[in-house]
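Results of the structural survey
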Amino acid sequence: MADTPQETLANLLSEDRTFPPSPEFTQAANVTAAAYDEAAADRLAFWEAQARRLDWSKDWDRVLDWDNPPFAKWFTGGELNVSANCLDRHVANGLGDRVAIHFEGEPGDTRAVTYAELLDEVKRAANALTDLGVEAGDRVVIYMPMIPEAAVAMLACARIGAPHSVVFGGFSAAALSSRIDDAGAKLVICADGGFRKGKAFALKPTVDEALESCPSVEQVLVVTRTGQEVAWNDRDVKWEDAVGGASNEHEAQPFDAEHPLFILYTSGTTGKPKGILHTSGGYLTQASFTHHAVFDLKPETDVYWCTADIGWVTGHSYIVYGPMSNGATQVMYEGTPDTPHTGRFWEIVQKYGVTILYTAPTAIRTFMKWGDDVPAKFDLSSLRVLGSVGEPINPEAWVWYREHIGGGSTPVVDTWWQTETGAIMVSPLPGVTATKPGSAQRPLPGISVDVVDEQGEAVPDGGGGFLVIREPWPSMLRTIWGDDQRFLDTYWAHFDGMYFAGDGAKKDDDGDLWLLGRVDDIMLVSGHNISTTEVESALVSHETVAEAAVVGASDPVTGQGIVAFVILRGQSESSPEHLAELRAHVAKTLGAIAKPRQVIIVAELPKTRSGKIMRRLLRDIAEDREIGDVTTLADNTVMSRIKTGLQGGK
Ligand code: WT7
């Protein structure tokens, strides 16, 4: 077997560059290698110890109830208030004057909100929601730009036990109404609009349109952000009146550990969106612990910045619940990285002295494309930990991130997880792991992740297959809202007793994990499974390439042929010789079997609002078909530009 092309392919992309943490970092790290041993010795005792990092009003009877798998209950009988864990206890501990949020609006307006001020506002908002008739268990949809009120709204819902469902502000009226409907929401909290790419965009009209078909909604609470003209209906209430006028006294009442905290919809590739349900005690335990462990947060001195939007799970776990439960000081930025200039992120890092930065590979590759000279103009020396999430990070992008943003010395943590997992599952620990560019490496302590073959058998080191989770974890989804059967079919029907994540992965010879993208994106070329991620990484390792998206197009000879769409770096230009060189470069890096049939130079790629490449649409181009549904694209005109570019280039 050792000489089959597949084996060759699996071994060629294993990295030999590793970057151990400095002795000083290890010395001061929040979590040491002992955590792996403790969790291996007694997994439930380990999670119990992490739950003790939170304040509970009532202790639990059982750490895990797995009597009716896969329906898990964690910390059963325990009671806590999630919002009080994020706010009240810090203020009670004398930390009320610490800045919770350094808000940076896109137009340049700023606000520093302390923990005491945030608590005050959340108490008012909780009272306002109660006055509007929202009770524990009622669902509230939040449709907001990235402003502090978005976090206030979430924490106020959590405080009164009303599960929130945040819908990303870039989604259309149709997407919003289907989510409101599925959740059966009683109230919508929105803003008039927000600022993006130098302009005010409107949110309120989209809510009005969505509500034409949502009978469950009784009222709409509207924050003023842009001050633009909006239509006003009988059901609309101004945030400034309702929250501003409410009392700032509010005692947080404890809820059961399994009380629903939020529903978050994931679109997936097909079918109607799935409402992923997360509950309180286990979710907060793992969000809080992983934030403490993976980012090594020292709340007294660190300035943390996660660039995600609150509409994604990253914003839930690593802007609101993880960081705030740990008493972090963080930056919240409203806008895009290129407004008003391509150095905006680095200007923000310099201005606030950001020490921990958490962003996505799509952003990192964009920064590479904009050029090394952009970050070089700013003082980034405050940074000490860099994180990545959302898709596999190409080794070259990883190295670029460490070199050009991290000054060649910061640990880079590549964190694998999903909306469904609620919190980080696979990641290096910055004070422990010798990091390896492109690999998410090891399951965190207390997490049991494996790679199995089609029969569900664990693959040996050096092998590839499907990523699964073997044991329940505290922040796991509890079900799909209103659809237990779909929960069972989607995640638990593929392999007996294991959670199927839908991602391909391999273990390298050291046993480190490499994520290979969604299983649907894996190509079958002449009988060999080739991951789009590996070919993309090979292309990005060429000095002229900034970003690549690879698809398998049906091919009469090979089954599927590899077609690569490539964005060039900075000033690079292409020619027939250059295209041939790129194809040869992939063959040299991965093996001849992975050589693209065709390389197409483009100026942009079709991406969803969360930055994931929509390979399905590129496959339509590669197979010369009508382009399919583009409604979830961040910019739905990009496909016609790509097509026109191709015709113009011929
Ligand atoms: C899917 C989950 C988790 C928050 C953001 C996305 C991909 C995520 C990584 C990573 C390789 C990754 C997977 C996963 N993914 N992080 N570090 N390396 N792939 O949440 O929208 O639920 O997407 O994103 O394919 O299944 P999501």
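Residues numbered from 1 in each chain as written. Predicted model: local features only at pLDDT ≥ 70, side-chain atom pairs only at ≥ 80, totals over all residues.

This part is about the sheet that holds strand β20 (residues 412-414). An order of β5-β4-β17-β16-β18-β19-β20 is seen for the 7 strands of this open sheet, with the pairing classed as mixed. Because the sheet does not close on itself, it has two edges, and the strands there are β5 (110-114) and β20. Shown here is a sheet whose adjacent strand axes are inclined to one another by a mean of 20°, direction ignored. As defined by bridge partners, strand β4 (residues 99-104) adjoins β5 across 5 bridges and the pair is classed as antiparallel. (Pairing = 2+ DSSP bridges. Helix = DSSP H or I, 4+ residues; strand = E, 2+ residues; numbered from the N terminus. Axes fitted to C-alpha atoms, helices over the stretch in contact; angles between N-to-C directions.)

Turning next to the pairing of strand β19 (residues 385-388). For a regular strand, side chains alternate in direction, first toward one face of the sheet and then toward the other. By the alternation rule, side chains of β19 split into Val385 and Gly387 and Leu386 and Ser388, which are all buried. In terms of strand pairing, strand β18 (residues 356-359) meets β19 through 4 bridges, oriented parallel. Within β19, the residue paired with Tyr358 across the bridge is Gly387. Two elements, β19 and β20, share 3 bridges in a ladder whose sense is parallel. The residue of β20 that forms the bridge with Gly387 is Val413. With helix α17 (residues 395-405) bridging β19 and its parallel neighbour β20, the resulting β-α-β unit is right-handed. (Buried ≥ 20, exposed ≤ 12 C-beta atoms within 10 Å, placed from the backbone. Right-handed = clockwise from strand over helix to strand, strands pointing away.)

Attention shifts here to the UniProt feature "binding site: Mg(2+)" (unreviewed entry) in the protein. According to UniProt, the "binding site: Mg(2+)" (unreviewed entry) feature falls on Val540, His542 and Val545. Within the element layout of this structure, His542 appears in the loop between α19 (532-540) and β28 (545-555). According to the C-beta neighbour criterion, His542 is buried, with 20 such atoms within 10 Å. Among all residues touching His542, those that are not within four sequence positions of it are Leu582 and His585. Within the secondary structure layout, Val545 lies in strand β28. In this structure Val545 touches Leu539, Val540, Val566, Leu568 and Arg569, once residues within four positions along its chain are discounted. (UniProt positions renumbered as here; feature names shortened; annotations may be inferred. Contact = placed C-beta atoms within 7 Å.)

The next subject is helix α8 (residues 148-160). Within an α-helix, residues lying three or four positions from one another point in the same direction, as the helix has 3.6 residues per turn. The first and last C-alpha atoms of α8 sit 19 Å apart over 13 residues, in line with the 18 Å expected at 1.5 Å per residue. Across the 13 residues that make up α8, a large majority, 12, are buried. Within α8, burial applies to Glu149, Ala150, Ala151, Val152, Ala153, Met154, Leu155, Ala156, Cys157, Ala158, Arg159 and Ile160. At the exit of α8 stands Gly161, carrying a positive phi of roughly 75°. (Expected span 1.5 Å × (residues − 1).)

So, about the nonpolar core. By size, the foremost hydrophobic cluster in this structure holds 194 residues, and its most contacted members are Val188 and Val566. Element by element, the count of residues in this core is highest for α8, at 10 residues. Split by domain, this core shows at least three residues from each of two domains, domain 1 (23-353 + 364-382 + 490-495) and domain 2 (526-649). The contact partners of Val566, leaving out residues within four places of it in the chain, are Leu539, Val545, Ala548, Leu582, Val599, Ile600, Ile601 and Val602. (Core = buried A, V, L, I, M, F, W, Y, C linked by C-beta atoms within 7 Å. Domains from an automatic or database assignment.)

By the secondary structure assignment, Ser382 is in the loop between α16 (373-376) and β19. For the pair formed by Ser382 and Arg124, sequence separation is 258 residues and the distance between their alpha carbons is 36 Å. Once residues within four sequence positions are removed from consideration, Ser382 is found in contact with Val349, Gly353, Val354 and Thr355.

What surrounds the ligand is a group of 21 residues, the closest being Pro392, Trp416, Gln418, Thr419 and Leu515. Of all the secondary-structure elements, those providing two or more residues to the shell around the ligand are α13 (313-325), β24 (499-507) and β25 (513-518). For the shell around the ligand, the residue count by class is 9 nonpolar, 8 polar and 4 charged. (Near = placed C-beta within 6 Å. Nonpolar A, V, L, I, M, F, W, Y, C, P; charged D, E, K, R; others polar.)

This part takes up the packing of helix α15 (residues 361-370) against α17. Where α15 contacts α17, the axes come no closer than 10 Å and their chain directions differ by 70°. Judged on the interaxial angle alone, α17 and α15 are roughly perpendicular. Here α15 contributes Pro361, Ile364, Arg365 and Met368 to the contact with α17, which in turn contributes Ala397, Trp400 and Tyr401. When the residues that make up the contact of α15 with α17 are grouped by side-chain class, the tally is 6 nonpolar, no polar and 1 charged. (Parallel < 35°, antiparallel > 145°, perpendicular 65-115°, else oblique.)

Turning next to the UniProt feature "domain: Acetyl-coenzyme A synthetase N-terminal" (unreviewed entry) in the protein. Following the UniProt record, one finds the feature "domain: Acetyl-coenzyme A synthetase N-terminal" (unreviewed entry) at residues 34-86. Between the C-alpha atoms that bound residues 34-86 there is a distance of 27 Å. The span itself is 42% helix and 28% strand.

Looking now at the environment of Trp400. By the element assignment, Trp400 lies in helix α17. Each C-alpha atom of the pair Trp400 and Asp372 lies 8.9 Å from the other, and the pair is 28 residues apart in sequence. Aside from chain neighbours lying at most four places away, what touches Trp400 is Ile364 and Met368.

The subject of this paragraph is the environment of Asp629. Tracing the backbone through its elements, the reader meets Asp629 in the loop between α21 (615-622) and α22 (638-649). Taking the C-alpha atoms as reference points, Asp629 and Phe168, 461 residues apart in sequence, are found 19 Å from one another.

Here we come to the sheet that holds β24. The strand order β21-β22-β24-β25 describes an open sheet built from 4 strands, whose pairing is antiparallel. The strands lining the two open edges of the sheet, one partner per strand, are β21 (449-452) and β25. Strand-to-strand twist across the sheet, computed as the mean angle between neighbouring axes with direction ignored, equals 45°. Summarising the sheet, strand β22 (residues 464-469) and β24 pair through 5 bridges and their orientation is antiparallel. Each bridged residue has a counterpart across the sheet, and for Gly465 the counterpart in β24 is Ala505.

Attention now moves to the domain arrangement of the protein. For the protein, the domain assignment lists domain 1 (23-353 + 364-382 + 490-495) and domain 2 (526-649). A C-alpha centroid distance of 35 Å is found between domain 1 and domain 2.

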